[in-house]
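Residue-level structural notes
Now for the letters of each chain:
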Amino acid sequence: MKKNIWLLIFILGVVFSSCTEPSPKKKADDKTVIAYSELYRPQVHFTPPAKWMNDPNGMVYFDGEYHLFYQYYPDSTVWGPMHWGHAVSKDLMHWEHLPIALYPDSLGYIFSGSAVVDDNNTSGFGKDGKVPLVALFTYHNMKQEKAGRNDYQTQGIAFSLDKGRTWEKYKENPVLKNPGIRDFRDPKVSWNDASKKWILTLATLDCITFFSSPDLKNWTKQSEFGKGMGGHSGVWECPDLFPIKVEGSDLEKWVLLVSINPGGPNGGSATQYFVGNFDGKVFTNERKNPEPRWIDSGKDNYAGVTWSGIPKTDGRRLFLGWMSNWQYATVVPTQAWRSAMTIPRELKLVQVADEEYAIKGYPTSEFENYGAKWDDLLSNPGQFQSVSLAQFALGKAAAFDYSVELDPSESSKTTIQLSNNFNETFDIVLDKTIQQIRINRMKSGDVSFNPEFQKEILVPVNLIDHVKIRLVIDQASVEMFIDGGLTEITNIVFPKEIYNKVDIRSDQKFSVFSSKVRKLNSIWH
Ligand code: FRU
């Protein structure tokens, strides 16, 4: 009976909700009716309780909480009038869903953007010593778009004085008008020590434009970046700009992340990056090779950016991406909700050749500390095996963290196959002869919803004699980290149950040095 009442309340809530008439109580959550155990529901990844989600937004750390806002449409499981959904976490693993933070208004839908802690109250939004959180987002005005105008995307701001629980939009929005560029969006703001100003990194068509401001309200154009650099076969979106030290040295470089859609290395959407310098006004790409470098070579890591406000004493650069691809995001076969985020990753910059730097992305220490200890699956741990078939049962768990170190066979392919009791398989083929990894999702579960999902995923990888592979296996994704995250390959899947077996096979000899698993509990139960 009680259950039915809640169900009725939930249904009435959905029926009477209107995206332009905010109700302060509306929550992207109803624990009573959301079981988090539906078919395909990720168990260690963030998902909205119900309805449509895309990009992570406004990621900011403040007062002991990691905030995650996200592109959210509370009335459907396909994209629609965008809101900012909201959740907080103390450990980057468990998430508490909070009420919707930003609703569309007469200026437009609320597209992607960022949030900062305005410690010095440069914006003047702070009151009674309360430090304001300030969010910058893109207004997307549908009426103007339909009227055929080009200036329908502008930037707005909002602030919160209660740890992000409620937000007030600035009365004089928009703070940055559009000069007539159709794609003019996704502001990522950071404080710049060199110029003592806020820097806004904005995606403008297939380039980036930098603006600066003393107060987050008045913005002045500084420079543009992108012509002739990186990929340009799609629109540039969701940029991020940050300084980072080269691992093991004091040398500081600036990294510019730029998502592009389409134009990813395996089709559809993906995130490229540039490494160079930013002098407070101008970004210079120091890489001689104009080919893009990719944050992730899989199909399903898009629009990812990093958290602002991480204390200096922590100093990490923490990243999260949307685990889908615009090629098929709106038709993936989940029922109650659509899309998940990646596991939060720490980004590091490493030198890979003379004057050549690359990003390494690896699950954060919070993920490492979450769940049980590693179990050795090799009968004699440390043993050097030379076999042509190695089989490992992972046991039973909500999700698995699996690690294998191996020397793939020299002249033939070595396949790491994940499978479940329904004979659904996810194949990772290591081909040393051509230094390539191929991922085959053909039999991975439901693949019927889109032909692009069925295509093989090709990744150039430096396959040496001792390859370290870590796989984060959840109900609906396999995130692969090679050699400490130098290559990241994220792919979603829709099997009837989680993969719980690993077979490694080749028609020639190969060696397995270690095979370990950590069993992970659900973050929701
Ligand atoms: C990226 C994106 C952004 C935009 C948002 C709209 O996935 O297209 O550029 O702000 O999604 O939901």
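Please refer to the structure higher up on the page.
This section reports on the structure supplied with the text. Residue indices begin from 1 for each chain and proceed along its sequence in written order. Per-residue local features are limited, in this predicted model, to residues with pLDDT of at least 70; the limit for side-chain atom pairs, both in listing and counting, is 80 or more; totals at the level of whole chains, interfaces and linings are taken over all residues. Computation of side-chain values covers all heavy atoms of the structure but excludes hydrogens and water.

**Regarding the site of the ligand**
Neighbouring the ligand are the residues Asn54, Asp55, Gln71, Trp79, Met82, Phe111, Ser112, Arg185, Asp186, Glu237, Tyr302 and Trp326. For this analysis, a polar contact is any N or O atom pair within 3.5 Å, provided that within protein one partner can donate a hydrogen and the other can accept it, and provided that sequence-adjacent residues contribute only side-chain to side-chain pairs. Separating an oxygen atom of the ligand from a side-chain N or O atom of Gln71 is a distance of 2.7 Å. In this description, accessible areas are obtained by the Shrake-Rupley approach with a 1.4 Å probe, and a residue is regarded as covered only by the protein chains that are shown. Taken by itself the ligand offers 320 Å² of open surface, and the protein chains cover 95% of this. Going along the chain from the N terminus, every DSSP run of H or I of four or more residues is numbered as a helix, and every run of E of two or more is numbered as a strand. Looking at the shell around the ligand, the elements that each hand over two or more residues are strand S1 (51-62), strand S5 (109-117) and strand S9 (184-192). Broken down by class, the residue content of the shell around the ligand amounts to 5 nonpolar, 3 polar and 4 charged. We define proximity as follows: a residue is near a molecule or strand when any one of its heavy atoms falls within 4 Å of that partner. Residues are grouped as follows: Ala, Val, Leu, Ile, Met, Phe, Trp, Tyr, Cys and Pro are nonpolar; Asp, Glu, Lys and Arg are charged; all remaining types, including Gly, are polar.

**Observations regarding the environment of Gly321**
Tracing the sequence through the fold places Gly321 in strand S19 (residues 318-322). Note on Gly321: relative accessible area 0%, which makes it buried. In sequence terms Gly321 and Ser511 are 190 residues apart; their C-alpha atoms lie 34 Å from each other. Only heavy atoms matter for contacts: two residues are in contact if any of them lie within 4.5 Å across the pair. Beyond its immediate sequence surroundings of up to four residues, Gly321 is in contact with Pro56, Asn301, Tyr302, Gly304, Met341 and Thr342. Throughout, exposure labels follow a simple rule: accessible area from a 1.4 Å probe, protein chains only, divided by the maximum for the residue type, with under 20% read as buried, over 50% as exposed, and the rest as partly exposed.

**Thoughts on the nonpolar core**
To qualify as a nonpolar core, a set must consist of buried Ala, Val, Leu, Ile, Met, Phe, Trp, Tyr and Cys residues joined through side-chain atoms within 4.5 Å. Tyr402, Ile437, Ile469 and Ile504 are the most contacted members of the largest nonpolar core, which totals 77 residues. It is strand S33 (residues 501-520) that provides the largest number of residues to this core, a total of 6 residues. When residues are assigned to domains, this core turns out to be shared by domain 1 (50-365) and domain 2 (371-520), each giving three or more. Setting aside chain neighbours within four positions, we find Ile504 in contact with Ser388, Leu389, Ala390, Phe392, Tyr402, Val404, Leu406, Thr414, Thr415, Ile416, Phe510 and Val512. Counting residues in hydrophobic clusters, the runner-up holds 17 residues, among them Val175, Leu176, Phe184 and Leu202. Segmentation of the chain into domains, including their bounds, is taken from an automatic or database domain assignment.

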